[in-house]
Each structure stands twice: as C-alpha cells, then as structure tokens.
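# Structure at a glance
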Amino acid sequence: MSRCPLDACLRLSTIEVPLLVPAAAPLLFALARRHALPDPEEFTYQVLSRVVQERDCWFRSDLPARAWICGLAIQVAQVHARPASA
C-alpha cells in the first residue's frame, strides 16, 4: 500500500476534507505558483472540489493519487489561466 497521504485520503470510505486539505494544499499551491495563477486559494478550492466530486474516476484510473490530482490541477489551471472573454 502506498505511503502517500493523498492515496490514504482518497481510499477512505468517505473523503475527510480536514485530512485532504493539508495533504493536497502544498502540491496545489506549488502548482498555482508554477502557473502564476492570480488566485491560488480559488484554484486550490476548485481542484479539491473536483477531487471530492470525481473520486470514483480516480479508482478507475489506477493512477497514484498525486498524479491524478496533478491532472485535475492542470485542467483547472488551464481554465484559470485563460483571459476572460469580453
């Protein structure tokens, strides 16, 4: 079994947000900095919301949780990095 805290959080029968946030936040804030996103907190919230909503997809993907969350984060970052249409 993986020692990654993200894997442990996602394997619980119910996602425990108080455990998930500190496990995922360092990774997500680092990605927000890397992509120079203007609102890292909103980005992190959006990614974590998707993690909670789409966890069943993670089980089917057979990916490590960190890799799967990075994929979601990149999708969210692309939306956040787009200029608003006029």
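Read on for an overview of the structure. Not measured: the values here are computed from a predicted model. Position labels on residues start from 1 in each chain and follow its written sequence. Whole-chain, interface and lining totals are the exception, using all residues; otherwise, since this is a predicted model, local features are given only for residues with pLDDT of at least 70 and side-chain atom pairs are given and counted only at 80 or more. Excluded from the side-chain calculations are hydrogens and water; all other atoms, namely the structure's heavy atoms, are used.

Aromatic contacts are taken between Phe, Tyr and Trp rings whose centres are within 6.5 Å, Trp giving its six-membered ring; a plane angle under 30 degrees counts as stacked, one over 60 as edge-to-face, and the others as tilted. A complete count under the given rule lists one aromatic pair for this structure. A ring pair is formed by tryptophan 58 and phenylalanine 59, whose centres lie 4.9 Å apart and whose planes are at 50 degrees; its orientation type is tilted. The exposure class assigned to phenylalanine 59 is partly exposed, which follows from its relative accessible area of 39%. The buried label goes to any residue with under 20% of its type's maximum accessible area, the exposed label to any with over 50%, and the partly exposed label to all in between, with areas taken from a 1.4 Å probe on protein chains only.

With that out of the way, let us pick up helix H2 (residues 17-34). Secondary structure elements follow DSSP: runs of H or I no shorter than four residues count as helices, runs of E no shorter than two count as strands, and numbering proceeds from the N terminus. How far a helix is expected to stretch is found by multiplying one less than its residue total by 1.5 Å. Over its 18 residues, H2 extends 24 Å from the first C-alpha to the last, a length consistent with the 26 Å expected when each residue adds 1.5 Å. What we call the bend at a residue is the angle made by axes fitted to the seven residues finishing there and the seven residues starting there. Of all the bends found along H2, the most pronounced is centred on alanine 25 and spans about 45 degrees, while proline 26, a proline, follows it within four residues. Every buried residue belonging to H2 is among Leu20, Ala24, Ala25, Leu27, Leu28, Leu31 and Ala32, and all of these are buried. Phi turns positive, to about 50 degrees, at alanine 36, one or two residues after H2.

The disulfide definition used here is simple: a pair of cysteine sulfur atoms within 2.5 Å. Scanning all chains against the criterion turns up zero disulfides. No disulfide involves cysteine 57; its sulfur sits 17 Å from the nearest other cysteine sulfur, which is in cysteine 70. Residue class for cysteine 57 comes out partly exposed when judged on its relative accessible area of 31%. There is no disulfide at cysteine 70, and the cysteine sulfur nearest it, in cysteine 4, is 9.8 Å away.

Excluding any residue in a salt bridge, patches collect residues exceeding 30% relative accessible area, merging like charges within 9 Å and nonpolar Val, Leu, Ile, Met, Phe, Trp and Tyr side chains within 5 Å. For the area figures, the Shrake-Rupley method with a 1.4 Å probe applies, and any residue is considered shielded solely by the protein chains shown. Salt bridge, as used here: a side-chain nitrogen of Lys or Arg that lies within 4 Å of a carboxyl oxygen of Asp or Glu. Among the surface-exposed residues, Val17, Val21 and Val52 lie close enough to one another that they form a single nonpolar patch of about 210 Å² accessible area. Looking at where valine 52 falls in the secondary structure, it is placed in helix H3 (residues 40-53).

Our focus in this paragraph is the nonpolar core. Among the buried residues, those of types Ala, Val, Leu, Ile, Met, Phe, Trp, Tyr and Cys that are joined through side-chain atoms within 4.5 Å form a nonpolar core. Of all hydrophobic cores here, the largest spans 23 residues; its most connected members are Leu10, Leu20, Leu28, Phe43, Val47, Val51 and Ile69. Elements with a minimum of two residues in this core: helix H1 (5-11), H2, H3 and helix H5 (65-81). For this core, the element with the highest residue contribution is H5, accounting for seven residues. In what follows, residue pairs with any heavy atoms lying within 4.5 Å of each other are defined as contacts. When neighbours within four sequence positions are excluded, leucine 20 is seen to be in contact with Leu6, Cys9, Ile15, Leu48, Val51 and Val52.

Bringing unusual backbone geometry into the picture now. Backbone geometry at alanine 36 places phi at a positive 50 degrees, although glycine is not the residue there. Judged by relative accessible area, alanine 36 falls into the exposed class, the value being 63%. Phi is positive for aspartate 62, which is not a glycine, with a value near 60 degrees. Mapped onto the elements, aspartate 62 comes out in the loop between helix H4 (55-61) and H5. For aspartate 62, a relative accessible area of 71% puts it in the exposed group.

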